[in-house]
Amino acid sequence: MDDQNAATDAGTAIAVAEESNQPIIGQKDKLEELCVNTIRFLAVDGVEKAKSGHPGTPMGMADMAFVIWTDFLRHDPTATKWTNRDRFVLSAGHASMLLYSMLHLTGYSDMTLDELKQFRQWDSRTAGHPEYGHAKGIEVTTGPLGQGFANGVGMGLAARMMAARFNGEDAFKPVDHYIYAICSDGDLMEGISSEAASIAGHLGLGNLIYFYDDNNISIEGETRLSFSEDIKKRFESCGWHVQKIDGHDRGAIRKAIKKAQKVTGQPSMIIAKTIIGWGSPKFHGTARAHGEPLGADEVKATKESLGWPAEPTFHIPVPVREEFLRKTKKLSRERKKWEKGFSEWKSRNVELAAQWDTYWSHKVPDNFESELVAAGNSDKALATRALSGQVIQKLAAIAPFVVGGSADLAPSTSTLMKEGGSIERSKGAEGQSPALDVFKGRNLHFGIREHAMGAVLNGMTLYGSFRAYGATFLIFSDYMRPSVRLAALMKVPSIFIYTHDSVFLGEDGPTHQPIEHLWALRLIPNMMLWRPADGAETALAWAAAVRSTDGPTVMVLTRQKLDPIPRTGPVDIKAIQHGAYLLEGFTEGNITFIATGSELSLAIKTAQLLGREGVKARVASAPCLDLFDRQSVDYQNSVLGDRKRVVAIEAGRSSGWYKYVEHGALIIGIDRYGASSPAERIAEELGFTPEKIAAKVREWM
Ligand SMILES: Cc1ncc(C[n+]2csc(CCOP(=O)(O)OP(=O)(O)O)c2C)c(N)n1
Ligand SMILES: [Mg+2]
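About the criteria used
- Residues numbered from 1 in each chain as written.
- Chains lettered and ligands numbered in written order.
- Predicted model: local features only at pLDDT ≥ 70, side-chain atom pairs only at ≥ 80, totals over all residues.
- Helix = DSSP H or I, 4+ residues; strand = E, 2+ residues; numbered from the N terminus.
- Rg over C-alpha atoms; globule rule 2.2 N^0.38 Å.
- Buried ≥ 20, exposed ≤ 12 C-beta atoms within 10 Å, placed from the backbone.
- Contact = placed C-beta atoms within 7 Å.
- Near = placed C-beta within 6 Å.
- Nonpolar A, V, L, I, M, F, W, Y, C, P; charged D, E, K, R; others polar.
- Pairing = 2+ DSSP bridges.
- Axes fitted to C-alpha atoms, helices over the stretch in contact; angles between N-to-C directions.
- Expected span 1.5 Å × (residues − 1).
- Core = buried A, V, L, I, M, F, W, Y, C linked by C-beta atoms within 7 Å.
- Right-handed = clockwise from strand over helix to strand, strands pointing away.

A word on the overall build of the protein
Summing up its helical and strand segments, the protein has 27 helices and 18 strands in all. Relative to the globule expectation of 27 Å for 701 residues, the C-alpha radius of gyration of the protein, 28 Å, shows essentially globular dimensions. When the backbone C-alpha atoms are referred to their principal axes, the protein occupies close to 90 × 60 × 45 Å. Expressed as a percentage of its 701 residues, the buried residues of the protein come to 55%. Counting contacts in the protein only where the partners sit at least 6 residues apart, residues at least 24 apart contribute 76% of the total.

Written as structure tokens, this is what we have:
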């Protein structure tokens, strides 16, 4: 049957089902029907008990989930970090009961029935949306729609890059798995999915097998209210392989997945027509089924209509439990087979095997920090973006698992690994997906797609083998804030590089000049923001970023050149790692300057100027306030001194500094938008010169 016929057929079948509301579509295998209804009613009961959640979507997706998880998804609940497992991303994360039920039914030990009963309650593993880290087997979440779609692309890209590195001539291929995802109308309405689909299609990520839960419903009602594009054409035009099926026909789902698996040079989108709230006599096919409990009467009616016992709730028939475990066991045998093949592969490929371990362990040399500090050294005035570029070249040499790219700004962000090779289509083959070999490259080209870049980085990082960075201008961090926040929330150590970090970028003007961004980013909990002032601080920011295991790093770098910070003798690595520290030669005085990044040399010059007038000032550099916050109060006091006698200087919003000083202190920030002009004039106008600051200090004193 061709796609068009299949779709028409699906439409007819759905119409019939809607009419009769009998489970007549899909294979009429009784046991399977029982399994699928178990998934449905776990969601119904979970939401009912919590009095909150989304029952209808799991009810509609149950057939897809059942087929994916029991016939295809190679996973082993006893080895949840198996590197070659298939990944499953529930991009429509509001359907979280679906995922929790699958984890429970397939035997993930920490997803007990009690957890299902604690859906959406304090401290349960079954949060409203399935966050990474809450329970084993949750690969990634989407609370904000569209993110999961793009995370999956990052996982697919990482898998391709690993395959290029390790699937050689040897008959055994260590990397040969898929990324399965289910996304929804909301995911596809969000722009991020278009960006991510565009990248995935461009790169021909044939390891992606995505389902679109095409149920015509979102919160406000039918999608005809706001969504009418041709999804098939949209994805085809992005280079995807697209199929259309009836999402309740398990035979069709199986066939479609098999077909998708054979398409190796294109990502696959399977558009599956489904009915939200399938089985509910009153609410099926309506927005009512989306986001509220069915209510006692409708639960009763639904159970009756599908021949399900009203009691007990959270009912799992014995044959269903057995069937799930039997099928999961069969799938997990693949792991044992893989382990055996892999250990033989290791003995045949000793050198590659050692590299493999480095990728997955992120092992760095013992003297990692000092090697990077040496690489970041410069006697001349250089921008911190350029110093970061020097450090990146060193990382390229000593940390093979570090990869990254930029949203079309690599020359400006200085993030290119010079010897890294680039993941791109070859010249003369613009219409074709890149060959696997190309994925050996380390430089990624995200195109001008910051939103997807953030989420792709998170997906790559979650994949496990890479420490990935993405770069753009600080102003455009706004375009990727949701991903930065999710990385922090889920403790994912992605690395975000933001250059052109202040009004001193100059002539591009206020649309490009960050003002509130430093504090806006610092407000995100569980994230380290570094704004280094010289090569040593930049190097240690990188070291911390690469070593982090429990949260993202944001690195904020200048466009303009900065005078080197006077340091005599070896760099005091420990001091910098405290996040803020007093500079040597500036440890005595009645007032304390504290500054970050480009304003540190300004603070030094001002202190020197005042020094000539007999005013002694201390100067503290604060490259990472998030780290400084973790130090003891005694240490913090030792740096800040009398908190009323502090002058804080930073080219951005001033308000955040009141966390560190008492009222009466002097904060020199920028609480207006910038202007288009050469940087020197901006500094003059906004009072960021030693003379202007010294004048303010004199007045304040
Ligand atoms: C970025 C973002 N905006 C809004 C929401 C709130 N929200 C959650 S589900 C939903 C509707 C989703 O419709 P659809 O994706 O079709 O899911 P279905 O109703 O079919 O389950 C909305 C607006 C969200 N989670 N993320
Ligand atoms: Mg929908």
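A few points about the environment of F314
Relative to the assigned elements, F314 resides in the loop between helix 12 (296-305) and helix 13 (318-348). Spatially, the C-alpha atom of F314 lies 72 Å from that of A695, the residues being 381 residues apart in sequence.

Let's talk about the site of ligand 1
The full set close to ligand 1 counts 16 residues, and T57, S184, D185, G186 and S218 are the nearest of them. At the level of secondary structure, the elements contributing two or more residues to the shell around ligand 1 comprise helix 7 (185-189) and strand 4 (217-218). Of the residues assigned to the shell around ligand 1, the class counts are six nonpolar, eight polar and two charged.

Some remarks on the sheet that holds strand 17 (residues 646-649)
Sheet architecture is open: five strands sit in the order 14-16-15-17-18, paired in mixed fashion. In the strand order of this sheet, the two ends are held by strand 14 (581-582) and strand 18 (666-668), each with one partner. Lying on the sheet, helix 27 (residues 690-700) is in contact with strand 17 and strand 18; it crosses strand 18 at an angle near 160 degrees.

Thoughts on helix 8 (residues 191-203)
The end-to-end C-alpha separation of helix 8 is 19 Å, in line with the 18 Å expected for 13 residues at 1.5 Å each. Burial runs high along helix 8: ten of the 13 residues are buried. For helix 8, the set of buried residues is I192, S193, S194, E195, A196, A197, I199, A200, G201 and L203. Against the buried residues of helix 8 lie helix 6 (147-166), strand 2 (179-184), helix 7, strand 3 (208-214), helix 9 (231-237) and helix 18 (450-463). Note on helix 8: the residue one or two positions beyond its end, G204, has a positive phi of about 60 degrees.

Describing the environment of V318
Structurally, the position occupied by V318 is in helix 13. Residue class for V318 comes out exposed when judged on the 7 C-beta atoms lying within 10 Å of it. Measuring from C-alpha to C-alpha, the distance between V318 and N207 comes to 35 Å, with 111 residues separating the pair along the chain.

Remarks on the nonpolar core
Counting residues in each nonpolar core, the largest one holds 213 residues, and the members touching the most others are A196, V456 and A648. If near-sequence neighbours (up to four positions away) are discounted, A648 is found in contact with I594, W657, Y660, V661, A665, I667 and I668.

Regarding the pairing of strand 15 (residues 591-595)
Across the five residues of strand 15, five count as buried, placing the element largely inside the fold. Of the two faces of strand 15, the one lined by I591, F593 and A595 and the one lined by T592 and I594 are each fully buried. Here strand 15 pairs with strand 16 (residues 617-621) via five bridges, running parallel. Bridging from a neighbouring strand, A595 pairs with S621 of strand 16. Considered for its hand, the β-α-β crossover made up of strand 15, helix 23 (residues 599-612) and strand 16 is right-handed.

Describing unusual backbone geometry
Glycine aside, residues mostly have negative phi angles, and peptide bonds mostly take the trans form. With an omega dihedral of -10 degrees, the bond running from E311 to P312 counts as a cis peptide bond. Structurally, P312 is set in the loop between helix 12 and helix 13. At K51, a position not held by glycine, the phi torsion is positive, near 60 degrees. Tracing the backbone through its elements, the reader meets K51 in the loop between helix 2 (30-50) and helix 3 (56-72). Judged by the 9 C-beta atoms lying within 10 Å of it, K51 is exposed. Positioned with a positive phi, D123 is a non-glycine residue whose angle comes to about 70 degrees. The exposure class assigned to D123 is exposed, which follows from the 6 C-beta atoms found within 10 Å.

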